Amino acid sequence: MTGPYSCCSCIVFVHSVSVDLNNDASLVIDIPDALCERDKVKFTVHTKTTLSSFQKPEYSVQRQHEDFIWLHDTIVETEEYAGLIIPPAPPKPDFEGPREKMHKLGEGESSMTKEEYAKMKQELEAEYLAVFKKTVQVHEVFLQRLSSHPMFRKDRNFQIFLEYDQDLTVRRKNAKEMFGGFFKNMVKSADEVLISGVKEVDEFFEQEKNFLLDYSSKIKDATAKAEKMTRSHKNVADDYNHISGALNNIAADNNTAFKKHLEKCAEVFEKLRVSISKVEDRMASDQELKLTELLRYYTRDIQAAKDLLYRRARALADYENSNKALDKARLKGKDVAQAEENQKQCLQKFDKLSESGKKELTSFKARRVVAFRKNLIEMTELEIKHAKNSVSLLQGSIEVLKSN
Amino acid sequence: MSEERDPAALEAEDDLFVSAMESPEAARLSAEDISPSSNGPKAEPVLLDDDPDDPDDLFAEIDEDEEESRDTFDIQISVSDPEKVGDGMNAYMVYKVLTKTSLSIFSRDEVCVKRRFSDFLGLHSKLASKYMHMGYIVPPAPEKSIVGMTKVKVGKEDLSSVEFVEKRRSALERYLLRTVKHPALLKDPDVLQFLESSELPRAVSTQALSGAGILRMVNKAADAVNKMTIKMNESDAWFEEKQQQFDNLDVQLRKLHASVESLVCHRRELSVNTASFAKSAAMLGNSEDHTALSRALSQLAEVEEKIDQLHQDQACADFYLISELLGDYVRLITAVKGVFDQRMKTWAKCQDAQVMLQRKREAEAKLQHANKPDKLQQAKDEIREWEGKVQQGERDFEQISKNIRREVGRFEKDRVKDFRVVIIKYLESLVHTQQQLIKYWEAFLPEAKAIA
């Protein structure tokens, strides 16, 4: 692990807290609890700190998703942090999937047996819970990246976010009026052109630039494809659910001489539902958590790295402009001192951005490699586990059917 | 027996195929030749009428034979090597039908003949016309598909027409196997001729848009109307129960079939999406500048490619093992329901005959006081005629009821066996897939761990 930051930000899902991000006991943050009210999720942000800048050693506050976005935006707007990779904002909680399913379930209620309905409802609740867990963790990781960074953890607004025991809504609205999100909007449209247009003297940044531009489009594509793949997998798991339900109905509905035989079949089919449908579902979920979420997160993180490059490129452009202005001033013989001062400041800013940018990008690579490694290993181990489980369940069922 | 022609009565399934060549005699259970296009009276069921006191004759025999043949049910049929003959809209596919058997009713151990789709339909039509009205469940032939066939005729060598031909070949094979599994049909001369003789008279009335085809449609419509108006007094609870059961089974099978079709579709999607992801992961690996991670991502892409192939194979199994089988059973159930309908029709005929008899008797009674001796004689003759018909009707009804009971019993046993065999095969295919998955992921794990 290179770089000055001793903690490596590994993204850990499924298992509760990212131990790695909370290495430093002086500021420990977690989201132990969250409430889902209709469309709004209320996160309970819990802080434990030994830092003197905080008034109390422990806090517990309620925050909404919009509060996280506000915090992210204020950090992005802060000039001081221009040379840092700003941790990407957590995406909005998306309950669209389970909500759609719940709707379908409600519509199809009349055509299902009571047991089918109960089963589907159960699965729907599990899905809701999964989305819930995901969104909690992605919000948690955002805060933990801030708390584990020597500069961000000292941020005034961050502290307010953690400490302020009232609703942040009013503050948020005021902030919006002040900044108007102008910086963010600018970045989106111009960045690729500006970054690629910069005449780079620094080998390191030249390489990084080429890498990030290419990687960014590739990882976006990989994320999209992974999402499609996971969705198909879930559809297959769903189908198996319906199939075993239907098989069950057929087996149960026969009071012929073969009733006992068919009852045994019904048992087997129920086991099959677990071994095929549930296992497929878990395989799909784990693949999503370990692979798709990983790709999603790093797509956002790569964007944050690109934003850093953009800011540096803009600083370079400013510096070059200030040089031109100085030359012009010298030619005209007017405002030379001012132009010189301006040029000096631009150069300083650019140098500062380059220096901190280098550190950030280097540690970013290390972070990325570690995260990929961890998640790929975990995903592979889980897939193997599920497949082995499925094999033994299937073989058990085959035995039972053959012995009949 | 009345000369009413009821060709559609023999046909109760979706497949609108009935030979228009059958004669009115076909409706009789007599020992006479059934139809000019079939193979004469050697078909055993024809013996039925000879001994009304022993209607079990046929089945007793068949049961024994069944026992024997189950021990030595040695007949293998394969349908293979589809070949296109001719060009353009007159083209057709010819299939090789290979029969390997040690059964004595066959003239040789191994016979190979060439048949086209309409030959199969012709065979089914003959069997249906001979046996369905007696309550035998005749396995339905595979469905026609104008669209599918046209693509093939026009010469499109693409994937969908290849798949269509394979689907049809497989369906034809299952159809033949199911037909010979039926102990009576196995011995039928038409079946034997189909399997053995090198030349087969072409079945001309199988085209959907022929005059015969239109006649079928009209008859089917008339049939549907009749069904609604016949109200049978069911004295036998068994039949009522079974009918209900089959109605339920029909609904459930269709639901199951729909779910399986959905599975096949989604599995194919999964395969496409996995392949797409594999390519994307490979490109990501190429872009990655950390060497070890780059290599791992490339390996991941390879694993996903292999998994995609697995999904494709599994989708095939999903389809051919389960989905097609379910489709077959949905059609079979329709045939079973058709047989119940036959019984209803037989009952209706019997009722009609009784009504007629009653009328004739009333007419005779009237003529008693009219002093018209020749008319009276005629009336008495007619009464005798109708008494005979009533008797025949009652015997037919008894016989068909008995046959149906046996057929249903056999059908249920076979169904359970069939499903069990197929489900076991399918589960084994799933096991194989999972084991391959384990192999691929276990090979990948050290690559993931090697990222440093």
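As a convention, each chain's residues are numbered from 1 in the sequence order in which they are written. Throughout, the order in which chains and ligands are written sets their labels, letters from A for the former and numbers from 1 for the latter. At least 70 in pLDDT is required for a residue's local features to be given in this predicted model, at least 80 for side-chain atom pairs to be given and counted, and no such filter applies to totals for whole chains, interfaces and linings, which use all residues. Excluded from the side-chain calculations are hydrogens and water; all other atoms, namely the structure's heavy atoms, are used.

**Regarding the overall build of chain B**
Inference 1: Helix numbering and strand numbering both begin at the N terminus, where a helix is a DSSP run of H or I of at least 4 residues and a strand a DSSP run of E of at least 2. The secondary structure content of chain B amounts to 10 helices and three strands.
Inference 2: Put simply, chain B runs from its N terminus to its C terminus through helices and strands in the order α-β-β-β-α-α-α-α-α-α-α-α-α.
Inference 3: The buried label goes to any residue with under 20% of its type's maximum accessible area, the exposed label to any with over 50%, and the partly exposed label to all in between, with areas taken from a 1.4 Å probe on protein chains only. A total of 452 residues make up chain B; the buried ones form 53% of that total.
Inference 4: Contacts are residue-level and defined by heavy atoms, with any inter-residue pair within 4.5 Å sufficient. Look at the contacts in chain B between residues 6 or more apart in sequence, and 74% of them connect residues 24 or more apart.

**Some remarks on the interface of chain A and chain B**
Inference 1: At the interface, 62 residues of chain A touch 56 residues of chain B.
Inference 2: Defined here as a combined quantity, buried area equals the accessible surface (1.4 Å probe) lost by two parts on assembly, summed across both. When chain A packs against chain B, the two sides together hide about 5,300 Å² of surface, and 68% of this comes from carbon and sulfur.
Inference 3: A pairing counts as a salt bridge when a side-chain nitrogen of Lys or Arg comes within 4 Å of a carboxyl oxygen of Asp or Glu. Connecting chain A to chain B are six salt bridges.
Inference 4: Its salt-bridge partner being Glu-288 of chain B, residue Arg-368 of chain A comes within 2.6 Å of it at the nearest N-O pair.
Inference 5: Any pair of nitrogen or oxygen atoms within 3.5 Å is treated as a polar contact; in protein, a donor-acceptor pairing is required on top of that, and neighbouring residues in sequence qualify only through side-chain atoms on both sides. In this assembly, chain A and chain B are joined by 20 residue pairs in polar contact (both at pLDDT 80 or more).
Inference 6: Sorting the residues of the side of chain A that touches chain B by element identifies helix H7 (203-252), helix H8 (259-332) and helix H9 (336-403) of chain A as the ones contributing at least two each.
Inference 7: In terms of residues, the side of chain A that touches chain B owes the most to one element, H7 of chain A, which gives 24 residues.

**Description of the packing of helix H3 (residues 146-154) of chain B against helix H4 (residues 159-181) of chain B**
Residues and elements named next belong to chain B.
Inference 1: Simply put, an axis is a line fit to the C-alpha atoms, just over the touching stretch for a helix, and the angle between two N-to-C directions goes from 0 to 180 degrees. Contact pair H3 / H4: the axes reach a minimum separation of 9 Å and the direction vectors enclose 120°. On the basis of the axis angle, H3 is oblique to H4. Taken as a pair, H3 and H4 cross one another with a handedness that is left-handed. Between H3 and H4, the contacting residues are Gly-148, Met-149, Lys-151 and Val-152 on the first element and Ser-160, Ser-161, Phe-164, Val-165 and Arg-168 on the second.
Inference 2: The nonpolar class holds Ala, Val, Leu, Ile, Met, Phe, Trp, Tyr, Cys and Pro. Asp, Glu, Lys and Arg form the charged class, and all remaining residues, Gly among them, are polar. Of the residues contributing to the contact of H3 with H4, the split by class is four nonpolar, three polar and two charged. Roughly parallel means an angle under 35 degrees; roughly antiparallel, over 145; roughly perpendicular, 65 to 115; everything else is oblique. What makes a crossing left-handed is the near helix being turned counterclockwise from the far one by less than a right angle; a clockwise turn instead makes it right-handed.

**Thoughts on the pattern of salt bridges**
Inference 1: Evaluation of the coordinates by the stated rule reveals 46 salt bridges over all chains.
Inference 2: As a salt-bridge pair, Glu-173 of chain B and Arg-169 of chain B come within 3.2 Å of each other at their nearest N and O atoms. Residue Glu-173 of chain B and its partner Arg-169 of chain B are located together in helix H4, separated by four residues, close to a single helical turn.
Inference 3: Taken together, the shared-partner salt bridges connect Lys-134, Glu-227, Lys-234, Glu-288, Glu-293 and Arg-296 of chain A into one network.

**Digging into the sheet that holds strand E2 (residues 40-49) of chain A**
As a general point, the strands of a sheet are linked pairwise by backbone hydrogen bonds and lie either parallel or antiparallel.
Residue and element names in this part refer to chain A.
Inference 1: We treat two strands as partners when DSSP finds at least two bridges between them. With antiparallel pairing, the three strands of this open sheet are ordered in space as E1-E2-E3. Single-partner strands in this sheet number two, and they are strand E1 (27-37) and strand E3 (58-64). Averaged over all pairs of adjacent strands, the angle between strand axes in this sheet comes to 20°, irrespective of strand direction.
Inference 2: As paired strands, E1 and E2 are joined by nine bridges and run antiparallel to one another. Bridge pairing links Leu-35 to Lys-42 in E2.
Inference 3: In this fold helix H1 (residues 65-77) packs onto E1, E2 and E3, with an angle of close to 100° to the strand it touches most, E3.

**Focus: the side chain of His-233 of chain A**
Inference 1: Here His-233 of chain A shows up in helix H7.
Inference 2: What His-233 of chain A contacts, discounting residues up to four positions off in sequence, is Glu-280, Met-283, Ala-284 and Gln-287 of chain A together with Leu-270 of chain B.

**Considering the sheet that holds strand E1 (residues 75-85) of chain B**
Residues and elements named next belong to chain B.
Inference 1: Strand order in the open sheet formed by three strands is E1-E2-E3, and the pairing between neighbours is antiparallel. The open sheet is flanked by E1 and strand E3 (110-116), the only strands paired with a single partner. Strand-to-strand twist across the sheet, computed as the mean angle between neighbouring axes with direction ignored, equals 20°.

**Description of the domain arrangement of chain A**
Residue and element names in this part refer to chain A.
Inference 1: Note that domain bounds follow an automatic or database assignment of domains. Taken domain by domain, chain A comprises domain 1 (1-183) and domain 2 (189-198 + 207-403).
Inference 2: Contact residues are listed per partner, giving 32 residues for domain 1 and 39 residues for domain 2.
Inference 3: Carbon and sulfur atoms make up 56% of the area that domain 1 and domain 2 hide from each other, which totals about 3,200 Å².
Inference 4: Run the count over domain 1 and domain 2 and you get three salt bridges.
Inference 5: Across the contact surface, domain 1 and domain 2 share nine residue pairs in polar contact (both at pLDDT 80 or more).
Inference 6: Element by element, the count of residues in the side of domain 1 that touches domain 2 is highest for helix H3 (residues 114-147), at eight residues.

**A closer look at helix H9 (residues 291-368) of chain B**
Inference 1: A helix is expected to span 1.5 Å for every residue after the first. The terminal C-alpha atoms of H9 of chain B, which comprises 78 residues, lie 114 Å apart, in line with the 116 Å expected from a rise of 1.5 Å per residue.
Inference 2: Remark: the principal bend of H9 of chain B, roughly 30°, maps to Phe-319 of chain B. The bend at a residue is defined as the angle formed between two axes, one fitted to the seven residues ending at that residue and one fitted to the seven starting there.

**Some thoughts on helix H2 (residues 96-108) of chain A**
All names here are of chain A.
Inference 1: A rise of 1.5 Å per residue sets the reference length of H2, with its 13 residues, at 18 Å; its end C-alpha atoms lie 18 Å apart and thus fit the reference within 8%.
Inference 2: Three or more residues of H2 are buried, namely Pro-98, Leu-105 and Gly-108. The arc that holds the buried residues of H2, viewed along the axis, is 85°, so those residues lie on one side. Turned more than 90 degrees away from the buried face of H2, the exposed residues are His-103 and Glu-107.
Inference 3: Buried residues in H2 make contact with H3. The directions considered for the arc are those from the helix axis to the C-beta atoms.

**Some remarks on the environment of Glu-196 of chain B**
Residues and elements named next belong to chain B.
Inference 1: Inspection of the secondary structure puts Glu-196 in helix H6 (residues 189-196).
Inference 2: Note: C-alpha distance between Glu-196 and Cys-112 (84 residues apart in sequence) is 7.2 Å.
Inference 3: Among the polar contacts listed, one links the side chain of Glu-196 to the backbone nitrogen of Ser-107, at a separation of 2.7 Å.

**Let's talk about the packing of aromatic side chains**
Each aromatic ring pair is described using two quantities: the centre-to-centre distance and the angle formed by the ring planes.
Inference 1: Ring geometry is summarised as follows: Phe, Tyr and Trp rings, the Trp one being its six-membered ring, pair when their centres sit within 6.5 Å, and such pairs are stacked at plane angles under 30 degrees, edge-to-face over 60 and tilted between the two. Applying the stated criterion to the full structure yields 21 aromatic pairs over all chains.
Inference 2: Measuring from ring centre to ring centre gives 6.3 Å for Tyr-298 of chain A and Phe-364 of chain A, while their planes differ by 35°; the resulting arrangement is tilted. Taken together, the positions of Tyr-298 of chain A in helix H8 and Phe-364 of chain A in helix H9 put the pair 66 residues apart, joining distant regions of the chain. The residues Tyr-298 of chain A and Phe-364 of chain A share a single accessibility class, namely buried.
Inference 3: Each ring, one from Phe-246 of chain B and one from Phe-340 of chain B, has its centre 6.0 Å from the other, and the planes form 55°; the classification is tilted. With Phe-246 of chain B in helix H8 (residues 237-287) and Phe-340 of chain B in helix H9, this residue pair connects regions lying 94 residues apart in the sequence.
Inference 4: In this structure Phe-246 of chain B comes out as buried when scored by relative accessible area, which is 2%.
Inference 5: Residue classification places Phe-340 of chain B among the buried residues on the basis of a relative accessible area of 3%.

**Examining the state of the cysteines**
Defined simply, a disulfide is a covalent bond joining two cysteines at their sulfur atoms.
Residues and elements named next belong to chain B.
Inference 1: Disulfide assignment relies on a single distance test, namely cysteine sulfur atoms paired within 2.5 Å. The full count for this structure, using the stated rule, is zero disulfides over all chains.
Inference 2: Residue Cys-316 stays outside any disulfide, its sulfur separated by 14 Å from that of Cys-265, the closest cysteine.
Inference 3: Overall, Cys-316 belongs to the partly exposed group, its relative accessible area being 38%.

**As for the packing of H4 of chain B against H6 of chain B**
To describe two helices that pack against each other, one gives the angle between their axes and the distance between the axes.
Residues and elements named next belong to chain B.
Inference 1: One can describe the packing of H4 onto H6 by two numbers: an axis separation of 11 Å at closest approach and a directional angle of 140°. In this view, H4 runs oblique relative to H6, as classed from their interaxial angle. H6 is crossed by H4, and the crossing has left-handed handedness. Counted together, Leu-176, Thr-179 and Val-180 of H4 and Val-191, Phe-194 and Leu-195 of H6 form the full contact between these two elements.

**Observations regarding the environment of Asp-214 of chain A**
Inference 1: The residue Asp-214 of chain A is located in helix H7 in this model.
Inference 2: A relative accessible area of 30% means that Asp-214 of chain A is categorised as partly exposed.
Inference 3: Within the structure, the side chain of Asp-214 of chain A is placed 2.9 Å from the side chain of Ser-287 of chain B, a separation counted as a polar contact.

**Description of unusual backbone geometry**
Inference 1: Look at Asp-335 of chain A: it is not a glycine, yet its phi comes out positive at around 50°.
Inference 2: Mapping Asp-335 of chain A onto the fold places it in the loop between H8 and H9.

**Description of the confidence of the model for chain B**
Residue and element names in this part refer to chain B.
Inference 1: Per-residue confidence for chain B gives a mean pLDDT of 78; residues scoring 70 or more make up 77%.
Inference 2: For every residue, the predictor states its confidence as a pLDDT score lying anywhere from 0 to 100. In the predicted structure, residues 1-71 sits below a pLDDT of 50 and forms 131 contacts with residues beyond four places in sequence or in another chain.
Inference 3: Complex prediction metrics read pTM 0.77 and ipTM 0.83.

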